[in-house]
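# Structural description and commentary
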Amino acid sequence: TILLLHGIAQQSHSWDLISLALSHNYHVIAMDSRGHGDTEWPGNSDYSLESHQADIDEFTKVLGLDRFILIGHSMGGRNGYIFASQRPDLVRALVIVDTGPDGSSSSMRRIRQFISLPDELDSYEEFADRVQKYTGRPLWLIHGSLKHSIRRLPNGKWTWKYDKAIRSPGFDPHIYSKRQLWRCLEEIECPVLIIRGELSDVFRQETMEQMLQTMRNGRGVVIPDAGHLVPGDNPKLFLETLTSFLTELKYN
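What counts and what doesn't
- All chains use their own residue numbering, which begins from 1 and follows the written sequence.
- Restriction of local features to residues with pLDDT of at least 70 applies here, the model being predicted, together with a cutoff of 80 or more for giving and counting side-chain atom pairs; totals for whole chains, interfaces and linings are based on all residues.
- Side-chain descriptors were evaluated using all non-hydrogen atoms of the structure, hydrogens and water having been removed beforehand.
- A run of H or I in DSSP becomes a helix once it reaches four residues, and a run of E becomes a strand once it reaches two; helices and strands are each numbered from the N terminus.
- Paired strands, as defined in this entry, are two strands with at least two bridges between them according to DSSP.
- Two residues qualify as a contact provided that any one of their heavy atoms is within 4.5 Å of a heavy atom in the partner residue.
- Only the stretch in contact is used when fitting a helix axis, every axis being a line fitted to C-alpha atoms; angles between N-to-C directions are given from 0 to 180 degrees.
- Accessibility here uses a 1.4 Å probe with only protein chains present; expressed as a share of the type maximum, an area under 20% marks a residue as buried, one over 50% as exposed, and anything in between as partly exposed.
- By convention, orient the strands away from the viewer: a clockwise path from the first strand over the helix to the second makes the crossover right-handed.
- Paired rings are identified among Phe, Tyr and Trp, the last through its six-membered ring, by centres lying within 6.5 Å, and are further divided according to the angle between planes into stacked (under 30 degrees), edge-to-face (over 60) and tilted (the rest).
- Expected helix span is taken as 1.5 Å per residue step, with the number of steps being one fewer than the number of residues.
- By arc we mean the arc of the directions from the helix axis to the C-beta atoms, nothing more.
- Residues belong to a common nonpolar core when they are buried Ala, Val, Leu, Ile, Met, Phe, Trp, Tyr or Cys residues joined through side-chain atoms within 4.5 Å.

### Description of the environment of Pro169
Relative to the helices and strands, Pro169 resides in the loop between helix H7 (164-167) and helix H8 (178-187). Sequence spacing of Pro169 and Ser116 is 53 residues, and the spatial spacing of their C-alpha atoms is 6.8 Å.

What follows is the structure in structure tokens.
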């Protein structure tokens, strides 16, 4: 079994292309994080790491998941390596995609600026154009995935599905300190693959190298022609890298 965790402002369908390719050989489950996708929004706007961890713990318990492979991108990668450090009994292997305890402040501002833009537009096409300018991906590809990320309002306008609180300028998710995050990496026991996009402005090469030195059983791969959104920027090489790691796990 593989459990997939998405990044902030995304949703489980962000993994559709990857999960489709993996589903021939694995039981693949993609989870909507709280306040994203089709989940309800918490009334108290609680997006703390503790609540994310409780959600993953309950989700795996209800589905009866055991000794699964956990793959997370960005926010999902951070939630994934914290979970793996706390539940070594459940996680057989971990894949961290383009995230670490130390991030670039300028890139985080860029992401924050994007998700803080006016969140009600007149048409689906306007949202597609906005995403295209941000990601650089072709419009045909964006049109295929955007339908899972936005919804139509009663007034006829379109808006994001994820919680408006996350888009507010004063949003504070109450994350761990960098020291706590590094400590989580030290405690992970299972095999770990770290994947970085060569062009990523979020996850620095030196951070990946420090993570590999910190963890007991980790390896790292840089995917060319990919930025922070690695699985969508270069899905072919991402899948080849991932499949190689997963195949090796079968024989160990």
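We are not done yet, so read on.
### Considering the sheet that holds strand S7 (residues 158-160)
With antiparallel pairing, three strands are arranged side by side in an open sheet as S5-S7-S6. Sheet topology places strand S5 (120-121) and strand S6 (150-152) at the edges, where each strand pairs with a single neighbour. Docked against the sheet, helix H5 (residues 124-135) engages S5, S6 and S7, running at close to 40° with respect to S7.

### A closer look at the sheet that holds strand S8 (residues 192-197)
With respect to topology, six strands assemble into an open sheet ordered S2-S1-S3-S4-S8-S9, the strand pairing being parallel. What marks the edges here is a single partner per strand, and that holds for strand S2 (28-31) and strand S9 (218-223). Averaged over neighbouring strand pairs, the angle between their axes works out to 20° when direction is ignored. As judged from the four bridges shared by strand S1 (residues 2-5) and S2, these two strands associate in the parallel manner. For Leu4, the partnering residue across the bridge sits in S2 and is Ala30. Sitting on the sheet, helix H3 (residues 75-86) is in contact with S1, strand S3 (68-73) and strand S4 (91-97), with an inclination near 145° to S3. Relative to S9, helix H9 (residues 205-214) is tilted by about 160°, and along the sheet it contacts S4, S8 and S9.

### Quick notes on the pairing of S4
Both faces of the sheet carry side chains from a regular strand, because those side chains alternate between them. A large share of S4 lies buried, amounting to six of its seven residues. Two elements, S3 and S4, share six bridges in a ladder whose sense is parallel. Its bridge partner being in S4, Ile69 is matched across the sheet by Ala93. The handedness of the S3 to S4 crossover, carried by H3, is right-handed.

### A word on unusual backbone geometry
A positive phi is found at Arg67, a non-glycine position, where the angle reads about 55°. Note on placement: Arg67 falls in the loop between helix H2 (49-63) and S3. The backbone of Asp225 sits at a positive phi, close to 55°, despite the residue not being glycine. Mapped onto the elements, Asp225 comes out in the loop between S9 and helix H10 (230-233). Its relative accessible area of 58% is what places Asp225 among the exposed residues.

### Describing the packing of aromatic side chains
Summed over the entire model, instances satisfying the criterion amount to eight aromatic pairs. On the numbers, 5.5 Å between centres and 85° between planes, the contact of Tyr124 with Trp158 is edge-to-face. A residue pair is termed long-range when its members are at least 10 positions apart, and Tyr124 in helix H5 and Trp158 in strand S7 qualify at 34 residues. Relative to Tyr162, the ring of Trp160 lies with its centre 5.8 Å away and its plane at 35°, an arrangement referred to as tilted.

### Here's the deal with helix H11 (residues 235-250)
Compared with the 22 Å implied by 1.5 Å per residue over 16 residues, the 22 Å span of H11 between its first and last C-alpha is a close match. Taken together, the buried positions of H11 are Phe238, Leu239, Thr241, Leu242, Phe245, Leu246 and Leu249. For H11, the angular spread of buried residues about the axis comes to 165°, placing them on one side.

### Focus: H2
With 15 residues, H2 should cover 21 Å at 1.5 Å per step; its first-to-last C-alpha distance of 21 Å lies within 8% of that length. Of the residues making up H2, those classed as buried are Leu49, Ser51, His52, Gln53, Ile56 and Thr60. Taken together, the buried residues of H2 touch S1, S2, S3, H3 and H8. Taken from the residues just after H2, Gly64 is the one with a positive phi, measuring 70°.

### With respect to the nonpolar core
Ranked by internal contacts, the top residues of the largest apolar core, which has 30 residues, are Tyr81, Leu94 and Ile188. Aside from chain neighbours lying at most four places away, what touches Leu94 is Leu70, Gly80, Tyr81, Ala84, Ile188, Cys190, Pro191, Val192, Leu193 and Phe245. Of all hydrophobic cores here, the second largest spans 22 residues; its members include Trp15, Ile69, Ile195 and Ala226.

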